[in-house]
Amino acid sequence: MILKFLKELGDNNHKYWMDANRDWYQSVRMEFLEDVDFLLKAISLWEPGMSSFKAKDCVFRQNRDIRFSANKDPYKTNFAAYFSVGGKKSNGPGYYLHIQPGQSFLAGGIWMPPADVLKKIRQEIDYSGKDLLEILEESAFKKTFGGLEGEQLKTSPKGYEADHPYIELLRFKSFIVSTAMTDDEINSGKFKEKAIVQFKKMKPFHDFLARAIEETEDSDGLL
């Protein structure tokens, strides 16, 4: 039902169609909210900081912000949710669910962190890169996600030498892993169980990132 709606929306991405199919949209949105609630309850078992969240706190709006975009389509052609202890706008790590015909996936980590957060993550890699490497190279993790994704610097980040033992990790601008889902998994509902298993595998990765960006105090003040 969700994928069928999204396909039709993709073919008719304008307000007139959405207004005419508002009841259909509300029905599939409620279905998605129920799926998100199911996942939220499961994630809260190992992320208790989310135990007070509601599904609507994790789901993104369907309307696109077209003010500064060349694409003037008013609606997103996917349903998405983000589960993070700090909320949807957090700079901390989170679990991401993306449902779209032929393009559904699960992801986790931190996408394009601001400069101060990126600096902290790189500092943690500098100090404890072995810990991150062990997480990324763990057999089940690597088989599921492959490795880190996203844009990398072509040169070394400021303050780090080109021969740094973890220079390949330090060059990343985002710290993201993902795995694809099929339309059959979405339509059958099997994606929910898959999501729980794969999100749980991300936990050590998220713990490393959370540790990196935590603010701690020493005798010199806030680091």
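This report concerns the structure included in the present document. Remember, predicted model here, so these are calculated numbers, not experimental data. (Residues numbered from 1 in each chain as written. Predicted model: local features only at pLDDT ≥ 70, side-chain atom pairs only at ≥ 80, totals over all residues. Heavy atoms only, no water.)

## As for unusual backbone geometry
Phi is positive for M112, close to 45°, though the residue is something other than glycine. Position of M112 among the secondary structure elements: in the loop between β3 (105-110) and α4 (115-137). Residue classification places M112 among the partly exposed residues on the basis of a relative accessible area of 42%. (Helix = DSSP H or I, 4+ residues; strand = E, 2+ residues; numbered from the N terminus. Buried < 20%, exposed > 50% of the residue type's maximum accessible area, 1.4 Å probe, protein only.)

## Side note on the sheet that holds β3
Here 4 strands make up an open sheet; going across it, the order is β1-β2-β3-β4 and the pairing antiparallel. Of all strands in the sheet, those bounded by a partner on one side alone are β1 (79-83) and β4 (175-180). Neighbour-to-neighbour, the strand axes of this sheet turn through a mean angle of 15°, independent of strand direction. Here β3 runs beside β4; their pairing, made up of 6 bridges, is antiparallel. Across the sheet, the residue bridging to L106 is T179, located in β4. (Pairing = 2+ DSSP bridges. Axes fitted to C-alpha atoms, helices over the stretch in contact; angles between N-to-C directions.)

## A short note on the packing of helix α3 (residues 22-43) against helix α8 (residues 191-213)
At a minimum axis separation of 10 Å, α3 and α8 run at an interaxial angle of 30°. Taken together, the axes of α3 and α8 lie roughly parallel to each other. Note that α3 runs across α8; the crossing there is right-handed. For the pair α3 and α8, contact is made by D35, F38, L39, A42 and I43 and by F191, K192, E193, A195, I196 and F199, respectively. Partitioning the contact of α3 with α8 into residue classes produces 8 nonpolar, no polar and 3 charged. (Parallel < 35°, antiparallel > 145°, perpendicular 65-115°, else oblique. Left-handed = near helix turned anticlockwise from the far one by under 90°. Contact = heavy atoms within 4.5 Å. Nonpolar A, V, L, I, M, F, W, Y, C, P; charged D, E, K, R; others polar.)

## Comments concerning the environment of G49
With respect to the secondary-structure elements, G49 resides in the loop between α3 and β1. Given a relative accessible area of 42%, G49 falls into the partly exposed group. Expressed as a C-alpha distance, the spacing of G49 and G87, which sit 38 residues apart in the sequence, is 10.0 Å.

## What about α8?
Over its 23 residues, α8 extends 31 Å from the first C-alpha to the last, a length consistent with the 33 Å expected when each residue adds 1.5 Å. Its axis deflected by about 40° at K203, α8 carries its strongest bend there, up to four residues before the proline P204. (Expected span 1.5 Å × (residues − 1). Bend = angle between axes of the 7 residues up to and from the residue.)

## Notes on the nonpolar core
Core analysis: the biggest nonpolar cluster contains 61 residues, and F83 and F205 have the highest contact counts within it. The leading source of residues in this core is α8, at 10 residues. If near-sequence neighbours (up to four positions away) are discounted, F83 is found in contact with V36, L39, L40, I43, M50, C58, G94, Y95, L97 and F199. (Core = buried A, V, L, I, M, F, W, Y, C linked by side-chain atoms within 4.5 Å.)

## Here's the deal with the pattern of salt bridges
Under the definition given, this model contains 14 salt bridges. When the shortest N-O distance is used, the salt bridge between D19 and R22 registers 3.0 Å. Accessibility expressed as a relative area gives 32% for R22, which makes it partly exposed. The partner of E168 in a salt bridge is R171, with the nearest N and O atoms 2.9 Å apart. (Salt bridge = Lys/Arg side-chain N within 4 Å of Asp/Glu carboxyl O.)

## Quick notes on the side chain of Q62
Take Q62: it is sitting in the loop between α3 and β1. A distance of 2.7 Å separates a polar atom in the side chain of Q62 from the backbone oxygen of K76. Of note is the side chain of Q62, whose polar atom sits 3.0 Å from the backbone oxygen of N78. Contact partners of Q62, with chain neighbours within four places excluded, come to L6, L9, Y25, P74, Y75, K76, N78 and F79. (Polar contact = N/O pair within 3.5 Å; in protein donor to acceptor, adjacent residues only side chain to side chain.)

Nothing here speaks to function; it is geometry throughout.
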